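Understanding the architecture of this molecule
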Amino acid sequence: MSAAFNTLLYKELLRFWKVAFQTVLAPVITALLYLLIFSHVLSSHVQVYPGVSYTQFLVPGLVMMSVLQNAFANSSSSLIQSKITGNIVFVLLPPLSYAEFFLAYLAAAIVRGLVVGLGVLLVTLWFAPLRVEHPLWVAVFALLSAGVLGGLGIIAGIWAEKFDQLAAFQNFLIMPLTFLSGVFYSIHSLPDFWHRVSQWNPVFYMIDGFRYGFFGAADVAPEKSLLVAGACFMAISGLTLALLKRGYKLRH
Amino acid sequence: MTAALAVRGLVKRYPALTALQGVDLEVAAGEFFGLLGPNGAGKTTLISILAGLTRASEGRAAVMGFDVQSQYREARRRLGVVPQELVYDPFFTVRETLRIQSGYFGLKHNDDWLDEVMHHLDLLPQADKNMRALSGGMKRRVLVAQALVHKPPVIILDEPTAGVDVSLRQTLWKFIESLNRQGHTIVLTTHYLEEAEALCGRIAMLKNGRIVALDSTRNLLDRAHERCATLSLRGDVAGAGIAGLAPQGDGEWRFRFERYEELEALLARLHGAHVAVEDLQLARADLEDVFNRIIASA
């Protein structure tokens, strides 16, 4: 990769690392609170897979939710801040290609997602020791899913012109997709209508496939989840690259 | 010899207005060139197209022979732009900001040049301070430094001294003039016309997206044949009824003329009317006079 790409990636990593209290520690604490509250309330009532406690079931979902939300937040917040403050010009003036631009923001989003996800996993291990049946599946789903939401964050950051537009994107799209995706439950426990709705939610497949990597059990076949996550990644990446090539809302 | 900047038939249309209406312009390598015009004339749009921040609706623009669209990498490597807006990234120190900007241009080990740029702009004492902690003038210096990290042969300064103190102006112009002497092409837009008059060898004036004047600074100044005499007079000037004398207050009067015979005739009439001349100062029209006249008549 070029020095320009490396520099933009380094800048993006340094940017979130300088405010790690807000970008890493805070989401880890939030996920821990979810775990404590939900497991305390539901652990004696719910068992999803044989031999897996509800708290153990919850952990991969919370890890993946944190990965997704933070990958999205990294690229989207960096771009909207740069656009609104005007310092996006420092990235637009140099001879960076649109592909380098995309890959650097995407890679930084994936790293932030994975760092927060790893933090959540390490903290929650104290409450629910986990075994990992298929580590490769865990890694593949973590990477692909962070990539999908990182790419979606780039699109949102380019599209939004104000912070409230980005907040709308986050609150009306990303949050429902992640919360209604089986983080806290198995979709088999849902009424038929919501069960069918969930099957149209791509985030469900990301979380289900990720969970399969831990328990060797899932709501749908992991190959199907991989196909959905992979197709989403290709589609989002293609759309993002097309927007960047056109200079949509960046080069007028 | 390849022109530093070449612009042919450049048009930029927005839904509500046409910012550039067919601009043709060529700036030779090594020139110190001024781009002047009232607000909304199209200066920043022209610069944005050259920098690749805005896409032209029609026409072509090239930096050192490289098309800004089809050969954007080569064109941008050769161009440094100091933007008009005072923008900065609040996450980084001055040194980090400059290292990052160097990296975008593929320069990894550039600290010697960065230190030299910071030295010339009096930024070294601020090098490890966060950008947020700097005054407006210091932030403006960092913007200039960022445009120079890759030693571009063409440097565009879009109102670099807007709202900054005399110290920065002097520091900046000294450094920019030295870069120009080394062969860098400088393009300056400014509303301080005395700066343009002192620095620029050639000037283009824009109005409503069109170039309305393009000539050497000397020729532009020579276009103004008018001279101005400021006289301190004692006696009944108003009673003398001399045409062309305009009161300025405090006993001073202004008389505009083109030929010195007109001034001689005025002095003779004043003498005849028993009005004494206590002081007389002559001045040629400056660039501001020329600019105002050209823009008003265009």
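Residues numbered from 1 in each chain as written. Chains lettered and ligands numbered in written order. Predicted model: local features only at pLDDT ≥ 70, side-chain atom pairs only at ≥ 80, totals over all residues.

1. Concerning the overall build of chain A
A tally of helices and strands in chain A yields 10 helices and 0 strands. Overall, chain A shows an N-to-C arrangement of helices and strands of α-α-α-α-α-α-α-α-α-α. Against the globule reference of 18 Å for 252 residues, chain A gives a C-alpha radius of gyration of 18 Å, in line with a compact fold. Seen through its C-alpha atoms, chain A measures out along the principal axes to roughly 60 × 35 × 35 Å. Burial analysis of chain A (252 residues in total) assigns 49% to the buried set. A separation of at least 24 residues holds for 82% of the contacts in chain A among residues at least 6 apart in sequence. (Helix = DSSP H or I, 4+ residues; strand = E, 2+ residues; numbered from the N terminus. Rg over C-alpha atoms; globule rule 2.2 N^0.38 Å. Buried ≥ 20, exposed ≤ 12 C-beta atoms within 10 Å, placed from the backbone. Contact = placed C-beta atoms within 7 Å.)

2. Thoughts on the overall build of chain B
Helix and strand counts for chain B stand at 11 helices and 14 strands. If one aligns the C-alpha atoms of chain B with their principal axes, the spans along those axes are about 80 × 45 × 40 Å. Taking as baseline every contact in chain B between residues at least 6 positions apart, the subset at least 24 positions apart corresponds to 69%.

3. Quick notes on the sheet that holds strand S13 (residues 252-257) of chain B
Residues and elements named next belong to chain B. Strand order in the open sheet formed by 4 strands is S12-S13-S11-S14, and the pairing between neighbours is antiparallel. The sheet terminates laterally at strand S12 (245-249) and strand S14 (276-284), the two strands that pair on one side only. The mean inter-strand angle of the sheet, taken between neighbouring strand axes irrespective of direction, is 30°. Pairing of S12 with S13 involves 4 bridges; the strand directions are antiparallel. Bridge pairing links Gly-249 to Glu-252 in S13. The sheet strands contacting helix H10 (residues 260-272) are strand S11 (227-234), S13 and S14, and the helix crosses S13 at an angle near 145°. (Pairing = 2+ DSSP bridges. Axes fitted to C-alpha atoms, helices over the stretch in contact; angles between N-to-C directions.)

4. Remarks on the domain arrangement of chain B
Under the domain assignment, chain B is made up of domain 1 (5-222) and domain 2 (225-284). Here domain 1 of chain B and domain 2 of chain B have C-alpha centroids that lie 44 Å from each other. (Domains from an automatic or database assignment.)

5. Quick look at the nonpolar core
In terms of nonpolar packing, the biggest core is built from 153 residues, with A:Leu62, A:Ala229, B:Leu5, B:Leu50, B:Val63, B:Ala145 and B:Ile156 touching the most fellow members. Of the residues forming this core, the biggest block, 15 residues, is contributed by helix H3 (residues 54-85) of chain A. Residues contacting B:Ala145, with those up to four places away along its chain left out, are B:Leu98, B:Val117, B:Met118, B:Leu121 and B:Leu123. In terms of nonpolar packing, the next biggest core, distinct from the first, is built from 9 residues, B:Leu245, B:Phe255, B:Leu266 and B:Leu270 among them. (Core = buried A, V, L, I, M, F, W, Y, C linked by C-beta atoms within 7 Å.)

6. Section: the environment of A:Phe233
All names here are of chain A. For Phe-233, the position within the fold is in helix H10 (residues 222-246). Residue Phe-233 is classed as buried on the basis of its 22 C-beta neighbours within 10 Å. Placed 174 residues apart in sequence, Phe-233 and Val-59 show a C-alpha to C-alpha distance of 24 Å. Among residues more than four places away in sequence, those in contact with Phe-233 are Leu-144, Gly-147 and Val-148.

7. Points about the sheet that holds strand S8 (residues 185-189) of chain B
All names here are of chain B. Judged by pairing direction, the sheet is mixed, and its 6 strands sit side by side in the order S6-S7-S8-S3-S9-S10 without closing on themselves. The sheet is open, and its two edges are formed by strand S6 (79-82) and strand S10 (210-216), each paired on a single side. Across the sheet, the axes of successive neighbouring strands diverge by a mean angle of 15°, strand direction being ignored. In terms of strand pairing, strand S3 (residues 32-36) meets strand S9 (residues 202-207) through 4 bridges, oriented parallel. Looking at the pairing, Leu-36 lines up with Met-205 of S9. Of the strands in this sheet, S6 and strand S7 (154-158) are in contact with helix H5 (residues 136-148), which crosses S6 at around 170°.

8. A look at the interface of chain A and chain B
At the interface, 23 residues of chain A touch 24 residues of chain B. Secondary structure elements with two or more residues in the side of chain A that touches chain B: helix H1 (3-18) and helix H4 (89-92) of chain A. Among the elements that take part in the side of chain A that touches chain B, H1(A) stands out by supplying 8 residues, more than any other.

9. Topic: the pairing of S10(B)
A regular strand carries its side chains on alternate faces of the sheet. Residue and element names in this part refer to chain B. Bridging between S9 and S10 involves 6 bridges; their strand directions are antiparallel. Pairing of Lys-207 across the sheet is with Arg-210, part of S10. Turn length for the S9-S10 hairpin, with the two strands adjacent in sequence and antiparallel, is 2 residues, and the turn residue Asn-208 shows positive phi of about 50°.

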